[in-house]
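Structure assessment
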Amino acid sequence: MMLALILLVLPVQPAHAAVNEAQNPITVGAAREGWVSDGGTWYYYVSGKAVTGWREIAGVWYYFASSGAMQTGWQQIGGKWYYFRGSGRMVTGWQEIGGAWYYFAASGRMLTGWQEISGKWYYLASSGKMVTGWQKISGKWYYFASSGKMATDWQKVSGKWYYFASSGKMVTGWKEISEKWYYFESSGAMKTGWLQEKGHWYMLKSDGSMAVAEMVGAHYFDTRGYWVNGLSPESELTLEHVLALLDFYDPDGAFLYRNTLNTVSDLAFLHGDAIIDSVRSTGMDTAVHERCHIYTFVSTPGFDNPYTGKNLDSAKRYYMGGGESIEVPLTPLFDSREMADEIPETLRTERFPVYIDTDVDSKASRQEGVYGLLDEFTAYYWGVHDTVMLEPFVDQDGEYRFNFASTYYSWAEFRYYILKYILYAKDHYPDVYQGIVDNEDFGEAFTAIDSKFRKTLQVYFDRHDMDWDMFDAFTEEMNKKEYQEVIKLLTP
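A brief report on the enclosed structure follows.

Rules used in this analysis
- Residues numbered from 1 in each chain as written.
- Predicted model: local features only at pLDDT ≥ 70, side-chain atom pairs only at ≥ 80, totals over all residues.
- Heavy atoms only, no water.
- Helix = DSSP H or I, 4+ residues; strand = E, 2+ residues; numbered from the N terminus.
- Buried < 20%, exposed > 50% of the residue type's maximum accessible area, 1.4 Å probe, protein only.
- Contact = heavy atoms within 4.5 Å.
- Areas by Shrake-Rupley, 256 points an atom, 1.4 Å probe, with all protein chains shown as cover.
- 1 Å grid on protein atoms, 1.4 Å probe; cavity = no way out; pocket = protein on both sides within 12 Å on 5 of 7 lines; lining within 4 Å.
- Points joined across faces, edges and corners; volume = space filled by probe spheres on them.
- Phe/Tyr/Trp six-rings, centres within 6.5 Å; stacked < 30°, edge-to-face > 60°.
- Pairing = 2+ DSSP bridges.
- Axes fitted to C-alpha atoms, helices over the stretch in contact; angles between N-to-C directions.
- Left-handed = near helix turned anticlockwise from the far one by under 90°.
- Nonpolar A, V, L, I, M, F, W, Y, C, P; charged D, E, K, R; others polar.
- Salt bridge = Lys/Arg side-chain N within 4 Å of Asp/Glu carboxyl O.
- Expected span 1.5 Å × (residues − 1).

This brings us to the overall build of the protein chain. For the protein chain, the count of helices and strands is 15 helices and 23 strands. Split into buried and exposed, the 492 residues of the protein chain put 46% on the buried side. Across the protein chain, the fraction of contacts at a sequence separation of at least 24, relative to all contacts at a separation of at least 6, is 51%. When the accessible surface of the protein chain is summed, it comes to about 24,300 Å², and 48% of that surface belongs to carbon and sulfur atoms.

Below you can see the structure in the form of structure tokens.
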């Protein structure tokens, strides 16, 4: 009879508490210990007292309310969310709850926002749910696989290609990928076919890559991807094609060409059967250079004939770009060859014997002194400018850059010759010196061409990861105080 009575009062315990029964046997009349179920609610007793709050039991964490009741399901504790299984066990790591995935830290805290887990990025909404598919986060679009993993690199979604940066952000607009250019629409979808942007047409091939320096059907696309309407490198060398090419790449070169037609033959200074022949060998820049000289002759007051000379007491007109020019009145001058002996050996470069120490008395750089040197400075600038502008029309091969290398050196040479001429005048011809430094139009023209030359060279240098150290010998000389004082006097 006593045995039957004892069996009737023993509580029913869950599986996880069955182990506790052996460790903490509950007997009638004794203080409660370990797991105890009361009315279907579980409690845990230590020394006869139900525990509350967090409790680690046999390596597992539980949470007990202030009443001592073991908690299950979702619980907000200290402002943070946790999840407890039906057994009361606190969960950690990935958990599927109600058909959605959540991630819980080792502390049991439910995580939200961006999380890097096992080297992969996921996004957990404010509810803690792992997101999948397209998601707009902080104004940026991302894509998450069904596993929740954030997409990066190329991804095909619903039959369309997208590209995602390493940060996961969906790319739009132009993007260079593995040395090829692609364009992604505002939706992020990769574009194919024709694209018009900022006044230029591009061709995006079937794989999405931009056509570069190639023919696609009957259309030619240059090294920038620009469609060159009606022209290709193999187009016949004709005046019509030359002007069309210059209109597209170098409008200032086209202006100089059109304003000097009928002074020399249409294709003077050019060569070859195809237009590319005169571009790749930099023949086109020679044509622009020489036509700049002719423009100065034919547009200058007192013009007589470019081959028989003109009134040196009048002026010279220097082309500044955009159809504008500056007329510079001539002042007293001396033959540039006089200063030849004062130019250091290290600065007697390629153009020294051609323009300074030359036996050709009629050379403008000698006959017209500093004004003739400025004429050359201007012509060389527009030739260099043409070469830089036309470079995208051809493959950026070594031959093109090699042929151009000696040409852009003219910036340092003629800048130096002009400043040296003025300093020589200061020491030997005070009236010539004063006439030049007081000539505001000369100062404006020189400063403008010098600035344009520098900017154009910088464009070229940036393209080819070059710097200015090739000019060190000249720049070191021109950085001396006396040269800087002249530059200051000439600057408007």
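To continue, consider the layout of surface pockets. For the second largest pocket, the calculated volume is near 240 Å³. Trp174, Glu179, Lys180, Trp181, Tyr202, Met210, Val212, Thr223, Arg224 and Tyr226 together form the lining of the second largest pocket.

In the structure shown here, the tally under the stated rule is 71 aromatic pairs. Geometrically, the ring pair formed by Tyr319 and Trp382 is tilted, given 5.1 Å between the ring centres and 50° between the ring planes. Residue Tyr319 is located in strand E22 (residues 315–321), and its partner Trp382 is located in helix H9 (residues 369–390); the two are separated by 63 residues in the primary sequence. In this structure, Tyr319 and Trp382 share a single accessibility class: buried.

With that settled, consider the pairing of strand E2 (residues 41–46). One ladder, built from five bridges, connects strand E1 (residues 34–38) with E2; its direction is antiparallel. Bridging across to E2, Gly34 finds its partner in Tyr45. Where E1 hands over to E2, the hairpin turn is made up of two residues, of which Gly39 adopts a positive phi near 65°. The pairing of E2 with strand E3 (residues 49–50) spans two bridges and is classified as antiparallel. Paired with Tyr45 across the two strands is Ala50, which belongs to E3. In sequence, E2 turns back onto E3 through a hairpin of two residues, with Ser47 there showing a positive phi of about 55°.

What follows concerns the pairing of strand E16 (residues 173–177). Here E16 runs beside strand E17 (residues 180–184); their pairing, made up of five bridges, is antiparallel. Residue Trp174 lies in a different strand from E17, and its bridge partner there is Tyr183. The antiparallel pairing of E16 with E17 creates a hairpin that spans two residues between the two strands, and Ser178 there sits at a positive phi of about 50°.

This part takes up the packing of helix H6 (residues 283–298) against H9. Two elements in contact, H6 and H9, have axes separated by 8 Å at closest approach and are oriented at 145°. Judged by the sense of rotation from one axis to the other, the crossing of H6 with H9 is right-handed. Residues Met284, Asp285, Val288, His289, Cys292, His293 and Thr296 of H6 form the contact with H9, whose own contacting residues are Asp375, Glu376, Thr378, Ala379, Tyr380, Trp382, Gly383, Asp386, Thr387 and Leu390. Class assignment for the residues of the contact of H6 with H9 results in seven nonpolar, six polar and four charged.

A word on the pattern of salt bridges. One pass over the full model with this rule turns up 19 salt bridges. Between Asp450 and Arg415 there is a salt bridge; the shortest N-O distance is 3.1 Å. A residue pair is termed long-range when its members are at least 10 positions apart, and Asp450 in helix H13 (residues 440–463) and Arg415 in helix H11 (residues 410–428) qualify at 35 residues. Across the pair Glu477 and Lys480 runs a salt bridge whose closest N-O atoms are separated by 3.0 Å. The exposure class assigned to Glu477 is buried, which follows from its relative accessible area of 14%. For Lys480, a relative accessible area of 37% puts it in the partly exposed group. Residues joined by salt bridges that share partners form a network here, namely Lys316, Glu368 and Asp375.

To continue, consider the environment of Val459. Within the element layout of this structure, Val459 appears in helix H13. C-alpha of Val459 to C-alpha of Met389: the two residues are 70 residues apart in sequence and 9.5 Å apart in space.

Residue pairs spaced three or four apart in an α-helix point in one direction, given the helix's 3.6 residues per turn. End to end, H9 covers 32 Å across 22 residues, agreeing with the expected 32 Å (1.5 Å per residue, within 8%). In terms of burial, H9 is largely enclosed, as 21 of its 22 residues are buried.

So, on to the sheet that holds E3. Within the open sheet, the three strands sit side by side as E1-E2-E3. Their pairing is antiparallel. Bordering the open sheet on either side are E1 and E3, each of which pairs with just one other strand.

Keep in mind these numbers describe shape, not what the thing actually does.
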